[in-house]
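# Overview (structure and organization)
Listed here are the chains, written in short residue letters.
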Amino acid sequence: MSYIIKADNVGKQYFLDHLNKESYVSLRDVITNRFQNFLKKDKKVPKENKKEKFWALKDVSFEVKEGDRIGIVGSNGAGKSTLLKVLSRITYPTKGKIHIKGRIASLLEVGTGFHPELTGRENIFLNGAILGMKRTEINRKFDEIVEFAGVEKFLDTPVKRYSSGMYVRLAFAVAAHLESEILVVDEVLAVGDVDFQKKCLGKMDDISSGGRTILFVSHNMAAVESLCNKGIFISNGKIMGQGTSREIIDIYLNNSIKNSLEKQGVIDGLYRGEHKLIKRVEIWANGNISNTVNMGGELEIRVYFQSLESLLYPVLGIIIKDVFNTPVIGVNNKNYIGNLIEIPINKGVFIMKIPFLQLISGTYSIDIHFGDGYRDLDVWKNVTSINIEKMKFTEGEFINEGINKFFLPDIKWDIENWSN
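Structure report, in brief.

## Quick notes on the overall build of the chain
The secondary structure content of the chain amounts to eight helices and 23 strands. Expressed as a percentage of the 420 residues in the chain, the buried residues total 45%. Taking the contacts inside the chain whose residues are at least 6 apart along the sequence as the reference set, 73% of them involve residues at least 24 apart. Of the roughly 22600 Å² of accessible surface on the chain, 50% is carried by carbon and sulfur atoms.

## Some words on the packing of helix H3 (residues 120–130) against helix H4 (residues 135–149)
Taken N-terminus to C-terminus, the directions of H3 and H4 make an angle of 130°; their axes are 10 Å apart at the nearest point. Considering the angle they form, H3 stands oblique to H4. The crossing of H3 and H4 is right-handed. Of the residues in H4, those touching H3 at Arg-121, Ile-124, Phe-125, Gly-128 and Ala-129 are Arg-135, Ile-138, Asn-139, Phe-142, Ile-145 and Val-146. Considering only residue class, the contact of H3 with H4 consists of seven nonpolar, two polar and two charged.

## Topic: helix H5 (residues 164–177)
Here H5 spans 20 Å end to end across 14 residues, near enough to the 20 Å set by a 1.5 Å rise per residue. The buried count for H5 comes to twelve of 14 residues, which makes it a mostly enclosed element. Residues of H5 that are buried: Gly-165, Met-166, Tyr-167, Val-168, Leu-170, Ala-171, Phe-172, Ala-173, Val-174, Ala-175, Ala-176 and His-177.

Calculation notes
Residues numbered from 1 in each chain as written. Predicted model: local features only at pLDDT ≥ 70, side-chain atom pairs only at ≥ 80, totals over all residues. Heavy atoms only, no water. Helix = DSSP H or I, 4+ residues; strand = E, 2+ residues; numbered from the N terminus. Buried < 20%, exposed > 50% of the residue type's maximum accessible area, 1.4 Å probe, protein only. Contact = heavy atoms within 4.5 Å. Areas by Shrake-Rupley, 256 points an atom, 1.4 Å probe, with all protein chains shown as cover. Axes fitted to C-alpha atoms, helices over the stretch in contact; angles between N-to-C directions. Parallel < 35°, antiparallel > 145°, perpendicular 65-115°, else oblique. Left-handed = near helix turned anticlockwise from the far one by under 90°. Nonpolar A, V, L, I, M, F, W, Y, C, P; charged D, E, K, R; others polar. Expected span 1.5 Å × (residues − 1).

Structural data, given as structure tokens:
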């Protein structure tokens, strides 16, 4: 079967401006200088900005066959969205060539192709025309688009008054229902609610069953595995792997584990300005700082915090999630067997210890919530990953693995003073 999309050594270069601090001037300075230059007839040459070359994509080559469902995975800033923009002809490659056979419907940002002053009805026709559809074709699909988006009551309202959820529902409905050969979807579906995400995934499954080609960028590995038959892993603008969706997910997750484990279980939050209270997080396994713990081993999470005001009820919440971002353990000391700690404190280290970790082997991520017993004061999503290794016995491996995913563990909570 011949290709429908082919990329040959594609590269995309941008220039990053690095302004010299001395070149910064206020608006008042600009006006004053120009007025003085006019009087003196002596125009000053502005200082040259330093520009750095940055390759968002480097030597990217691949082929997509008709009917393929390609999941594109990678960390933030890896080049996934840039690749989709190049494929959608929103931007052109600096080097290399893109060969495409057929029309592309792209959904890369909320309301792509929408005009805020036009109504939902008018934008359906405008967006359809941008995608290369004839008016008769749009008319034929119009009712299906409106029903899928669920915006009947607001069809004649300017889309600038739409919520982000309404925006994305209508934008996806237009892109998915018009008869293009290729559908390109970025992580934009994360804007919608859970029910709408399921609806979108179902629609994309129907589209692929009809022989159309889909390129899907997502951080939701469960969605990628269920929807896509093939995958591409991108890192630092380069393709690091191609294969089945399961193979690529494994490569991507193993790469993420490696990067995370290099931190040796210590994550310093002092440089992260968005964290108001959490200053440092340590992962301990069997008495040592480490991101790797054996099944049935001891896991300890230490959270160093500092508050301007004393907290009467310091509360630490821990969520452990599997590779599909599904919580498998979610606990906090306030609601866990009456472990509400009543110690007025503004600086300390909160310790959560699981003496016997009963999770099957695999990779898990950790979210941390820190508060005062009434609300979250600081939240740190995906602090790090932990790798749980199989526990082997003389008779064989842990026999329940793959059957029982987790058990609610016995957890101990404590707070100690923290001095620098």
